[in-house]
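The primary structure of each chain is shown beneath.
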Amino acid sequence: MTSTVLAKRSVGTDIINYDAIIIGAGFGGIYMLKKLRDELGLKVRAFDKAAGIGGTWFWNRYPGALSDSETFVYCFSWDRELCQEWDITTRYVDQPQILSYLNHAVDRHDLRKDIQLETAITSAVFDESITRWFVSTDDGHQYSAKYLVTALGLLSATNVPKFKGQEKFKGKMYHTAHWPADAVLDGKRVGVIGTGSTGCQVITAIAPIVGHLTVFQRSPQYTVPVGNGPVSREYADEIKRNYDAIWNEVRSSRLAFGFKESNIPTMSVSPEERKEIFQRAWEGGGGFRFMFETFNDIAVDEQANFAAQEFIRDKIKEIVKDPETARKLMPRDLYAKRPLCDSGYYATFNRPNVSLVDVKENPIEEITAAGVRTADGVEHELDVLVFATGFDAVDGNYKRIDIRGRNGLSIKDHWSDGPSSYLSMSTSNFPNMFMILGPNGPFTNLPPTIETEVEWVSDMIGFMEENELACMEPDPECERQWGVTCREIADQTLFARAESWIFGANIPGKTNTVYFYMGGLGPFREILASVQNEDYRGFKFK
Ligand code: N01
């Protein structure tokens with residue numbers, strides 16, 4: 001390739017040259033490698049700091065880790081044969097199943113030989129004079145490539161809050177996203193801080209095996225049953241038979257979760273009918289189904305939202321036996337975080353070995369050698385303290401690598417007022433850098449969005465190679481406008497009024513801004529198609 005020759009002329013022999021370097025070997029990195037290597041014939045290397053492939057699913061191996069997207073939409077739709085061959089046995093896939101699926105896909109396409117594991121990228125610097133990226137790794141090597149693809153994942157930089165005295169704790173401390181293989185919980189006194197999607201899963205999964213579980217809850221959660229379980233052969237066969245119809249529907253839908261999104265306003269039906277619809281959804285399972293398959297306005301209309309809240313609060317009252325515990329578990333704010341689902345979360349608090357501490361009423365004062373001391377003076381003695389405290393999402397992953405674009409501009413400075421992108425996949429001043437799930441991409445079930453973005457990037461790189469273009473960069477004005485569009489759409493939803501990682505509100509000091517395009521995958525794909533059809537409107541090439 002032209003790019004390789006250029007680099008050989010310009011850089012020392014100890015630098016290995018590629019056409020493209022991919023950072024990350026999760027869903028995005030794997031498919032990107034396949035497209036660029038096997039379809040475009042480029043020389044490509046993917047790097048991941050993990051010891052195995054899988055991205056999020058390599059790291060998040062805490063007990064109870066389960067995807068909340070149903071199995072048939074949590075896979076590589078691009079591998080049609082694999083979709084037909086792979087055995088669908090459960091309605092949802094858990095972490096070990098997903099990891100084994102991804103490993104199988106990697107081997108099936110002979111991708112492993114081009115993935116370098118246990119290698120963290122420490123810096124990526126763009127050299128404008130030769131339009132190439134220079135990438136350094138933590139083992140002291142340097143690589144260069146014409147294209148840099150960051151497939152870092154949305155949720156990989158962990159959020160570990162600092163509590164006074166944390167270093168004194170004599171027991172074991174784990175963040176759920178760095179779960180050690182040798183963690184022992186059986187019979188132990190375990191504390192969990194955090195009750196988001198992760199917290200709900202880990203709490204429900206470990207309660208039956210630990211000696212005592214203390215849950216430190218800052219915000220109560222609205223959660224509904226996930227409805228997981230084995231599926232019949234007929235169910236699996238039906239999905240495989242309907243592959244085309246399912247994926248056409250997924251790609252044109254807003255949320256890409258594989259169900260028909262409702263077009264019925266909540267208040268258009270009688271209270272009895274409303275309750276029946278919520279009840280059916282509760283029994284059927286699924287967080288996104290509860291929020292978006294029931295009615296079309298729970299995420300945008302306060303009255304509709306309140307009706308859904310009330311239904312869930314009534315369920316908490318019904319399920320949780322101790323009224324004081326039920327009160328603490330009952331959220332009173334908007335039902336407008338990423339919707340949760342669980343495998344018996346509220347009922348877990350009926351167990352005699354589980355206690356709940358509301359840290360808004362009774363804050364954590366300090367972590368001691370023996371456990372956690374709360375403001376009421378109680379020292380909760382623990383052998384293990386689990387942080388289910390989430391992530392510095394979206395741009396957090398980028399800030400941990402020294403990424404420098406034009407004129408040495410660092411991505412941290414470029415995004416000092418919050419991250420931005422043009423169409424989620426590119427940002428000005430960082431030529432030839434493509435982001436898979438960059439800021440302001442669709443808020444959906446992720447694999448279909450990842451596939452959309454990988455295919456778009458691959459098309460653009462193919463276009464550049466075919467036309468012998470050295471460099472692409474988005475127009476800053478188009479990038480600004482994309483941010484405005486994302487903000488305007490987000491502001492029409494109630495999500496923008498809830499404090500969660502979706503808007504950066506979970507990290508002290510993080511810019512509270514828009515991080516997602518909430519217009520849906522279908523409309524996003526239409527925008528991408530129109531940009532592509534208009535000779536990549538908004539991109540400059542050289
Ligand atoms: O993280 P979170 P998560 N003191 O940020 C609490 C995906 N995911 O890992 O709400 C005390 O949602 C914090 O409290 P508050 C999914 O996209 C998917 O659970 O900020 N508590 C909250 O309770 C999800 O949305 C799946 O008041 C503190 C919790 O920690 C995303 O990952 C499974 C605290 C963090 O919740 C993130 O979920 C798991 C402090 N100082 C994850 N700091 C499925 O597919 C934070 N908290 C099912």
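Residues numbered from 1 in each chain as written. Predicted model: local features only at pLDDT ≥ 70, side-chain atom pairs only at ≥ 80, totals over all residues. Heavy atoms only, no water.

The chain carries the name Flavin-containing monooxygenase in an unreviewed UniProt entry, which gives Stutzerimonas tarimensis as its organism.

Colleague: Let's hear about the overall build of the chain: which residues, and what values?
Modeller: Assigned secondary structure in the chain consists of 18 helices and 24 strands. Whereas a compact globule of 542 residues would reach a radius of gyration of roughly 24 Å, the chain reaches 24 Å, a difference of no more than 12%. Across its three principal directions, the C-alpha atoms of the chain cover 75 × 55 × 45 Å. Counting every position in the chain, which comprises 542 residues, the buried fraction comes to 60%. Put simply, of all contacts in the chain between residues at least 6 apart along the chain, 72% involve residues at least 24 apart. When the accessible surface of the chain is totalled, it reaches about 21,800 Å², and 49% of it is carbon and sulfur. A distance of 3 Å separates the average location of the 59 positive side-chain charges in the chain from that of its 74 negative side-chain charges. (Helix = DSSP H or I, 4+ residues; strand = E, 2+ residues; numbered from the N terminus. Rg over C-alpha atoms; globule rule 2.2 N^0.38 Å. Buried < 20%, exposed > 50% of the residue type's maximum accessible area, 1.4 Å probe, protein only. Contact = heavy atoms within 4.5 Å. Areas by Shrake-Rupley, 256 points an atom, 1.4 Å probe, with all protein chains shown as cover. Lys, Arg positive; Asp, Glu negative; His and termini not counted. Charge placed at Lys NZ, Arg CZ, Asp CG, Glu CD.)

Colleague: For the packing of aromatic side chains, give the residues involved together with the corresponding values.
Modeller: Throughout the structure, instances matching the rule amount to 40 aromatic pairs. Seen from their ring centres, Y536 and F539 are 6.4 Å apart, and the 85° between their planes marks the pair as edge-to-face. By relative accessible area, Y536 is classed as buried at 4%. Taken together, F27, Y31, W57, Y74, F76, W78, W86 and Y101 form an aromatic cluster joined through their ring pairs. K43 extends its terminal NZ or CZ atom over the ring of Y18, reaching a point 5.1 Å from the ring centre. (Phe/Tyr/Trp six-rings, centres within 6.5 Å; stacked < 30°, edge-to-face > 60°. Lys NZ or Arg CZ within 6 Å of the ring centre and 35° of its normal.)

Colleague: Describe in detail the nonpolar core, supporting the description with residues and values.
Modeller: L213 and W456 are the most contacted members of the largest nonpolar core, which has 137 residues in total. Per element, the largest residue contribution to this core is seven residues, and it comes from helix α16 (residues 446-466). If we ignore the near neighbours within four places in the chain, the residues touching W456 are L423, M425, L528, V531, Q532, Y536 and F539. Judged by nonpolar contacts, the second largest core, of 22 residues, contains I23, I401, M433 and C471. (Core = buried A, V, L, I, M, F, W, Y, C linked by side-chain atoms within 4.5 Å.)

Colleague: Requested: an account of the sheet that holds strand β17 (residues 379-381), with residues and values cited.
Modeller: What links the strands of a sheet is backbone hydrogen bonding, and the strands pair in either a parallel or an antiparallel sense. Pairing is antiparallel across the open sheet formed by three strands, whose spatial order is β15-β16-β17. Looking at which strands have only one partner, the edges of the open sheet turn out to be β15 (364-367) and β17. Geometrically, the sheet is characterised by an average inter-axis angle of 25° between neighbouring strands, direction not taken into account. Bridge count between strand β16 (residues 371-374) and β17: three bridges; the pairing is antiparallel. (Pairing = 2+ DSSP bridges. Axes fitted to C-alpha atoms, helices over the stretch in contact; angles between N-to-C directions.)

Colleague: Explain the site of the ligand to me, using residue names and the numbers behind them.
Modeller: With respect to spatial proximity, 24 residues lie near the ligand, and among them T195, T198, R218, S219 and W501 are the closest. At a separation of 3.4 Å, an oxygen atom of the ligand approaches a polar backbone atom of L66. Contact between the ligand and W501: an oxygen atom at 2.8 Å from a side-chain N or O atom of the residue. Here the ligand has 920 Å² of accessible area as a free molecule, and 87% of this is covered by the chains. A class-by-class count of the residues in the shell around the ligand yields nine nonpolar, 11 polar and four charged. (Near = heavy atom within 4 Å. Polar contact = N/O pair within 3.5 Å; in protein donor to acceptor, adjacent residues only side chain to side chain. Nonpolar A, V, L, I, M, F, W, Y, C, P; charged D, E, K, R; others polar.)

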